[in-house]
Amino acid sequence: MKIKEEMKDGVMVLRLSGKVISGPDLMELKTVFQTAVNNDMGNVLLDLGHVAWMDSSGLGVLVSGYTSLSRAGARMVILNATKKIHELFIITKLITIFETFTDEKVALASLKE
Amino acid sequence: MLKGIVLKIPSDNSIVESVQIFVEKIGLTAGVSEEDVTGLSIAVMEVVKNAMEHGNGGDIRKHVTIHIDVFSGRLQFLIDDCGTWQPEADLGHEPGEGEALISSRGRGVLIARNLARWLDYGLNPEGKTRATLIWPLS
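Residues numbered from 1 in each chain as written. Chains lettered and ligands numbered in written order. Predicted model: local features only at pLDDT ≥ 70, side-chain atom pairs only at ≥ 80, totals over all residues. Heavy atoms only, no water.

The next point concerns the pairing of strand β2 (residues 11-20) of chain A. Residues and elements named next belong to chain A. Burial runs high along β2: seven of the ten residues are buried. In this sheet, β2 lies alongside strand β1 (residues 2-8) in antiparallel orientation, the contact comprising seven bridges. Note on β2: the bridge partner recorded for Lys 2 is Ser 17. Pairing of β2 with strand β3 (residues 44-54) involves eight bridges; the strand directions are parallel. Considered in β3, the bridge of Ser 17 is made with His 50. In this fold, the crossover linking β2 to β3 by way of helix α1 (residues 24-38) has right-handed handedness. (Buried < 20%, exposed > 50% of the residue type's maximum accessible area, 1.4 Å probe, protein only. Helix = DSSP H or I, 4+ residues; strand = E, 2+ residues; numbered from the N terminus. Pairing = 2+ DSSP bridges. Right-handed = clockwise from strand over helix to strand, strands pointing away.)

Shown next as structure tokens:
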């Protein structure tokens, strides 16, 4: 898994690619979320457009990031989940808590509301 | 033909990645496509992680045993743990709502069921929990 971080319109954008599965990379993602919360970075846009696979450990880190940000008064929304990842959100019912978008401008605008 | 492969591993999360790589190699050798092999390994490892965490309670002294066989047109994994989970008591498990949904319980098995063509739970001859995962080979 690769993680690219950038600030866009005051929103922290995290672009993930590859496999979001068990392993050392997941610790890195967890740290990125924790740093965002500790440094009061505000809202997070998580771009999953290039994520090929995700397992329950990967989902667990996303949920943990979402929960930590929510508790800190910030929001996390998801951009461009592939069909495979979207299916995962549906079967685990996480689709009921994750806000998902297919247009980056719309997603960024929603985080400014 | 791959027959009678048995892998006995401790309930130790640090070994999961290595086992996943092994499962991918078995899958490729058996004829699973490059495109599908990650799905196969994720499905198997979700069941294995579930066996480690729930069946064996994360006790590193307890093992998970994976039996792998290739039959005509299908790859079979039998995954045994030391637990005595009664599947009939948990059939139709749902992810829950609210806090229950946020917690991680049961998510791995849901993912495995979604990826695998066939996943069933029962008991092995010793009366311990056995998951059977079958992956068709084209």
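This part takes up the sheet that holds β2 of chain A. Backbone-to-backbone hydrogen bonds pair the strands of a sheet. The strands run either parallel or antiparallel. All names here are of chain A. The strand order across the open sheet formed by five strands is β1-β2-β3-β4-β5, and the pairing between neighbours is mixed. The sheet is open, and its two borders are formed by β1 and β5 (99-101), each paired with just one other strand. The mean angle between the axes of side-by-side strands here comes to 25 degrees, regardless of whether they run parallel or antiparallel. Across the sheet, α1 lies against β1, β2, β3 and β4 (76-79), angled at about 170 degrees from β2, the strand it touches most. (Axes fitted to C-alpha atoms, helices over the stretch in contact; angles between N-to-C directions. Contact = heavy atoms within 4.5 Å.)

Another aspect to go through is the sheet that holds strand β3 (residues 74-80) of chain B. All names here are of chain B. Across the sheet, five strands lie side by side as β1-β2-β3-β5-β4; this open sheet has antiparallel pairing. Strand pairing shows two members of the sheet lacking a second neighbour, β1 (5-10) and β4 (118-123), which therefore form its edges. Averaged over all neighbouring strand pairs, the angle between strand axes comes to 20 degrees, with direction disregarded. Bridging between strand β2 (residues 63-71) and β3 involves seven bridges; their strand directions are antiparallel.

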